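Structural description and commentary
Here are the chains, one letter per residue:
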Amino acid sequence: METLAIYASRLVTERDYFASGHRACSGCGEALALRYVCKALGRNTIISNATGCMEIVSSPLPETSWEVPWIHTLFENASAVASGIESGIKALKRKHGYTKEVKVVAMGGDGGTADIGLQSLSGALERGHDFIYVCFDNEAYMNTGIQRSSETPFGASTTTAPAGKFSMGQHTQKKNMPAIAAAHNIRYVATSCSSYPFDIMNKIEKAKQIKGPSYIHILSVCPTGWRTASNLTITMGRLAVETGIFPMYEIEDGKYTLNFDYPKLRPVEDYLKVQGRFRHLTKENTAEIQEHVLTEFNRIRLLAGKKIK
Amino acid sequence: MIKDTSIEIRWHGRGGQGAVTSAELIALAAIHEGKFAQAFPSFGPERRGAPVLAFNRIDAENPIRIRSGVTKPDIVVVLDPGLVTLINVTDGLKPGGCLVVNSTRTVEDLQQEFSGDWKLAVVDAASIARELLGVNIVNTTMVGALLKASEAVKFDSLKAPLGERFGARAGANFEACMRAYNSTAISQITTTGTKKPKSFAVEKMPGWRELLVGCMVTEPGNTKRFGTGDWKSQHPVWDDKKCIKCGICSLVCPEGCIKPNNEGYYRANLFYCKGCGMCAHECWTQAIKMVEGT
């Protein structure tokens with residue numbers, strides 16, 4: 001079975017709804033994640049996209065990379081626009097006998113989700129609109145030149161939280177966005193990573209089946225902002241999961257499932273030392289990060305009903 | 001009337017190659033000499049691998065009031081060899097000026113490409129940078145070549161800004177600079193009028209009257225017309241003997257440009273390939289190699 005598994009890529013549909021010729025950086029993990037998301041969503045989809053990397057690279061007017069209906073919104077109202085579209089479709093069904101099943105999807109980067117778009121996202125989740133929110137988390141405002149966001153991890157050096165004599169970069173912990181989404185008591189919340197294509201596609205499939213809001217948080221490797229080589233994009237995502245820095249889990253109707261658990265997590269150093277944005281960290285910083293990662297990972301393990309190792 | 005004593009420099013590079021850093025170094029060196037100087041990039045959604053521009057203005061006597069991009073440069077520096085045939089790098093270059101190119105070709109060979117009344121300086125910066133710095137980032141190397149071709153700033157003025165910018169790596173960068181300074185080949189081109197200037201494709205943008213209300217785009221996926229293939233410096237080559245046709249390369253390509261051919265072997269569409277090297281890195285059997293060149 002294991003030897004057959006390497007041929008699994010051949011089972012994925014060749015049809016892309018995110019066309020080539022987009023202007024993402026070479027080796028972009030976010031464009032990669034978006035490709036998988038669009039493959040899984042299929043053609044009966046309407047996408048409302050907050051400003052961010054994926055909006056800028058895909059829509060250099062008069063061109064577009066999208067092969068599904070797509071609307072560009074501001075940072076703060078991707079979920080509000082998605083709510084409106086979903087309500088509009090409902091009204092069409094009620095008044096004009098429209099029967100097609102269309103999934104409405106809102107997308108944003110970590111800035112458009114956790115910072116600027118949080119209020120409209122919270123409103124849409126609370127009102128219970130039938131839509132999927134996908135957050136592509138590359139851990140800073142990469143599009144405008146690597147400014148810190150609330151999703152930037154502890155210790156990362158960015159242009160607005162630079163490491164130097166008096167600072168070790170970002171001094172706050174990453175905002176726990178999936179937990180905020182889960183606190184709205186929605187039926188499906190999941191985290192995923194750009195290096196795990198089948199995981200992303202399965203989770204999008206699941207979210208598609210759910211009536212009501214669902215939230216998917218995808219860690220998207222950014223070679224430009226993380227200061228890694230562009231051919232290491234997949235490796236970096238795998239390291240983030242294998243070190244426990246980014247736990248991959250699902251919350252279905254309040255029930256936690258940990259998708260990737262390891263008998264022994266890799267030391268965080270493996271992940272940190274490859275990236276330019278963590279190059280300045282001292283041994284003490286690394287130890288602090290390691291401790292925080294273990295605490296957080298064990299918290300998820302407990303929630304998922306597993307024993308702490 | 002104030003005498004025009006300014007030197008204007010235009011840098012052509014790709015995002016990530018360090019054109020902006022080069023421009024900053026030159027400006028800092030000029031300021032170090034007590035001159036007035038500017039350095040700035042042209043702003044746009046330029047990304048790693050995309051062609052970018054950076055500009056310098058240096059004036060030995062007068063403060064610089066102008067703030068616009070450089071359209072009539074005295075010096076043009078090209079950091080990426082591929083750009084020479086791709087865009088019109090000598091656009092607006094003043095007679096008597098100079099063009100500095102990073103290329104593996106010889107100066108005699110390369111001067112066939114151009115016509116005009118200016119100097120051509122050629123240096124194999126990529127090899128120097130790989131050897132001395134370990135990476136293909138040619139910013140400091142090209143600064144060395146530029147100083148050989150023109151006395152924009154003195155070579156020694158570079159030491160302080162280099163140390164400040166690169167810290168522990170300043171030594172290697174200075175050495176790369178020095179090596180380039182010594183190995184740059186220069187020739188004078190005077191072929192005005194004898195050769196027809198080459199024409200370059202210019203992207204045609206619609207006027208505002210031609211746009212639909214709300215900036216709607218009615219043709220799905222029409223970025224397919226836009227080739228991102230010229231962003232790359234390396235491209236993947238498949239060894240079909242090692243290939244097991246698993247298709248992982250086509251799955252991990254962010255461009256979605258790797259598709260199986262009639263025999264089931266995978267190939268990248270080089271019109272879109274940005275040369276990130278992910279397919280080569282992820283291939284189970286290491287059947288893919290990244291080879292220099294577009």
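See the structure above.
A few points on the structure. (Residues numbered from 1 in each chain as written. Chains lettered and ligands numbered in written order. Predicted model: local features only at pLDDT ≥ 70, side-chain atom pairs only at ≥ 80, totals over all residues. Heavy atoms only, no water.)

**A short note on unusual backbone geometry**
Residue and element names in this part refer to chain B. Rule in force here: In this text, helices come from DSSP runs of H or I with a minimum length of four residues, and strands from runs of E with a minimum of two, each type numbered from the N-terminal end. The classification of residues rests on relative accessible area computed with a 1.4 Å probe and restricted to protein chains. Under 20% of the type maximum is buried, over 50% is exposed, and intermediate values are partly exposed.
Of note, the phi angle at C215 is positive, near 55°, even though the residue is not glycine. Within the secondary structure, C215 is located in the loop between strand 7 (185-190) and strand 8 (234-238). Taking the relative accessible area as the measure of exposure, C215 reaches 45% and is therefore partly exposed.

**A closer look at the sheet that holds strand 3 (residues 103-109) of chain A**
Residues and elements named next belong to chain A. The following threshold applies: One bridge is not enough; two strands pair if DSSP finds at least two bridges between them. As a rule, the C-alpha atoms of each element are fitted with a line to give its axis, helices using only the stretch in contact, and angles between N-to-C directions run from 0 to 180 degrees.
Ordered by their spatial adjacency, eight strands build an open sheet running 2-1-3-4-6-5-7-8, and the pairing between neighbours is mixed. Each edge of the open sheet is held by one strand with a lone partner, namely strand 2 (70-72) and strand 8 (255-258). When strand polarity is set aside, the average angle formed by the axes of neighbouring strands in this sheet is 15°. Where strand 1 (residues 45-49) lies against strand 2, three bridges are found, and the strand directions are parallel.

**Some words on the side chain of S220(A)**
Rules: Between two residues, a contact is recorded if the distance between any of their heavy atoms is within 4.5 Å.
Structurally, S220(A) is set in the loop between strand 6 (214-219) and helix 9 (223-226). Once you skip the residues sitting within four places of it in the chain, S220(A) turns out to touch G29(A), E30(A), A33(A), F136(A), D137(A), N138(A), S194(A) and W226(A).

**Section: the interface of chain A and chain B**
Where we set the bar: Buried area adds together the accessible area that both of two parts lose upon being put together, with accessible area traced by a 1.4 Å probe. Think of a salt bridge as a Lys or Arg side-chain nitrogen and an Asp or Glu carboxyl oxygen that are within 4 Å of each other. Between N or O atoms, a polar contact is any pair within 3.5 Å; within protein, one atom must be a potential hydrogen donor and the other a potential acceptor, and residues adjacent in sequence are included only when both atoms are from side chains.
In this assembly, 47 residues from chain A lie in contact with 43 residues from chain B. Between chain A and chain B lies a buried interface of about 3,800 Å² when both sides are counted; carbon and sulfur atoms form 56% of it. For the chain A face of the interface with chain B, the top three residues by lost area are S20(A), R23(A) and L61(A), together amounting to 16%. Residue E282(B) is joined to R238(A) by a salt bridge in which the shortest nitrogen-to-oxygen separation is 3.2 Å. Linking chain A with chain B are 22 residue pairs in polar contact (both at pLDDT 80 or more).

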